[in-house]
Amino acid sequence: MNQYLIRINKSRGTVGRGTLDHIWRVFENGNEFLFKNLVINSKLTDFTDGIDYSVSCEGIMDINRENSTCTINSIEIPKQSLNGNKYLIRYNKFRGKEGFGDMEHIWAVFDEGNKEFLFKHLLLNVPSFGEVVNNDRTIMDNFNIACIGVITEDTATGTAIINP
Amino acid sequence: MIQNIPRTHEFHYAGIGICIYHASKGEGLAKHNHTFTHANMVLAGKVLLRKEGVEIVADKFTQPVNLKPIEWHEIEVIEDNTVWVNIFASEYSHDNCPDMLSTDLI
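Residues numbered from 1 in each chain as written. Chains lettered and ligands numbered in written order. Predicted model: local features only at pLDDT ≥ 70, side-chain atom pairs only at ≥ 80, totals over all residues. Heavy atoms only, no water.

How should the overall build of chain B be read in this particular structure?
Within chain B, the regular secondary structure consists of zero helices and 11 strands. For chain B, the N- to C-terminal ordering of α and β elements is β-β-β-β-β-β-β-β-β-β-β. Going through the 106 residues of chain B one by one, you find that 42% of them count as buried. Restricting the contact set of chain B to residue pairs at least 6 apart, pairs at least 24 apart contribute 73%. Total accessible area on chain B is roughly 5700 Å²; 54% of this is exposed by carbon and sulfur atoms. (Helix = DSSP H or I, 4+ residues; strand = E, 2+ residues; numbered from the N terminus. Buried < 20%, exposed > 50% of the residue type's maximum accessible area, 1.4 Å probe, protein only. Contact = heavy atoms within 4.5 Å. Areas by Shrake-Rupley, 256 points an atom, 1.4 Å probe, with all protein chains shown as cover.)

Please clarify how the packing of aromatic side chains should be interpreted in this entry.
What describes a pair of aromatic rings is the distance from one ring centre to the other and the angle between the planes of the rings. Residue and element names in this part refer to chain A. Throughout the structure, instances matching the rule amount to four aromatic pairs over all chains. Between F33 and F35 the ring centres are 6.4 Å apart and the planes differ by 20°, which places this aromatic pair in the stacked class. Relative accessible area serves as the criterion here: at 9%, F33 is assigned to the buried category. The buried category is assigned to F35, whose relative accessible area is 0%. Measuring from ring centre to ring centre gives 5.2 Å for F94 and F100, while their planes differ by 45°; the resulting arrangement is tilted. For F100, a relative accessible area of 29% puts it in the partly exposed group. (Phe/Tyr/Trp six-rings, centres within 6.5 Å; stacked < 30°, edge-to-face > 60°.)

What is the right way to read the state of the cysteines from this model?
The term disulfide refers to a covalent linkage connecting the sulfur atoms of a pair of cysteines. Under the defined criterion, the tally for this structure stands at zero disulfides over all chains. Not part of a disulfide, C70(A) finds its nearest cysteine sulfur in C57(A), a span of 7.8 Å. (Disulfide = S-S within 2.5 Å.)

Teacher, can you tell me more about the sheet that holds strand β1 (residues 3-4) of chain B here?
Pairing between sheet strands relies on hydrogen bonds along the backbone, with the strands arranged either parallel or antiparallel. Residues and elements named next belong to chain B. Read across the open sheet, the five strands follow the order β1-β4-β9-β6-β7; overall the sheet is mixed. Each edge of the open sheet carries a strand with a single partner, namely β1 and β7 (54-58). Bridging between strand β4 (residues 27-32) and strand β9 (residues 73-77) involves three bridges; their strand directions are antiparallel. Following the sheet pairing, L29 is matched in β9 by I75. (Pairing = 2+ DSSP bridges.)

Is there a simple way to explain the nonpolar core in this structure?
As a rule of thumb, nonpolar side chains are buried together in soluble globular proteins. Ranked by internal contacts, the top residues of the largest apolar core, which has 30 residues, are V26(A), I89(A) and I145(A). Residue contacts for V26(A): discarding those within four places in its chain leaves Y4(A), L5(A), I6(A), N31(A), E32(A), F33(A), F35(A), L38(A), M61(A), C70(A) and I72(A). Counting 17 residues, the second-largest nonpolar core is a separate cluster that includes I5(B), L29(B), V65(B) and V77(B). (Core = buried A, V, L, I, M, F, W, Y, C linked by side-chain atoms within 4.5 Å.)

How do you make sense of the pattern of salt bridges when you look at a structure like this?
It is possible for side chains of opposite charge to pair when their charged atoms get near one another. Evaluation of the coordinates by the stated rule reveals eight salt bridges over all chains. The shortest N-O distance in the salt bridge between R65(A) and D104(B) comes to 3.1 Å. Pair noted here: R65(A) is in the loop between β6 (53-64) and β7 (69-73) and D104(B) is in strand β11 (residues 102-105), and the two residues belong to different chains. Judged by relative accessible area, which is 52%, R65(A) ranks as exposed. Residue classification places D104(B) among the partly exposed residues on the basis of a relative accessible area of 24%. For K120(A), the salt bridge identified is with E104(A), shortest N-O distance 3.3 Å. Linking K120(A) in the loop between β10 (116-119) and β11 (121-124) with E104(A) in the loop between β8 (85-91) and β9 (107-110), this pair joins segments that are 16 residues apart in sequence. Given a relative accessible area of 47%, E104(A) falls into the partly exposed group. Within the structure, one salt-bridge network assembled from shared partners comprises R50(B), E55(B), E74(B) and E76(B). (Salt bridge = Lys/Arg side-chain N within 4 Å of Asp/Glu carboxyl O.)

Okay, structure coming up:
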């Protein structure tokens, strides 16, 4: 099992950084992989080194070079939710600004009605995948980790917990 | 203590990476370093720019400052409504993983 860190490839489209569709940066043991598609069959949490903010999971990476898809499978794949709601999760780049939470509210979670909830940490006990809402590199790009489940909050830590 | 802030805008154009920061007094980027060089330029307001053995007050009239690779530096905003820009080569935007060994394009 490896630990994986996943972030957005903000320099995509430039030399050596893939096409504009190579959105996902996946780090495995210090090596970086750039993918167009992302599937995570593992529990997902947040991780920061103090500078960058990633989502993180453990498992084994399966690389499909035909369709540029990264699939990370844990030994015990979390259960898919049968009757949950869909949530989109992304980095809260406006944090610290009025109405967008304080600096610790790193993660924005959107429900199906596009209502936004802000959290400090994430814990997804369901499978998840990368979802691109808009891929305009210069304005309003919109990349998400998507999942289906039932959300609760650990108010002591400000963690969004999504269960099957 | 400097309150770290996120980039207000970041974009890459013709191989150049540009990060723009809007900040208030007390905010900025606490002591850190990179493996790449970048330029720092203040567009509005005022910052204290510190690096090894150097501390300067920079504003829009200050010549853009070049920050060398590996050299620690920090930026402390000392005036509200400050705006500054960091400019670097896009190929280094993946640098914030200092132990990174390779990149594989799938």
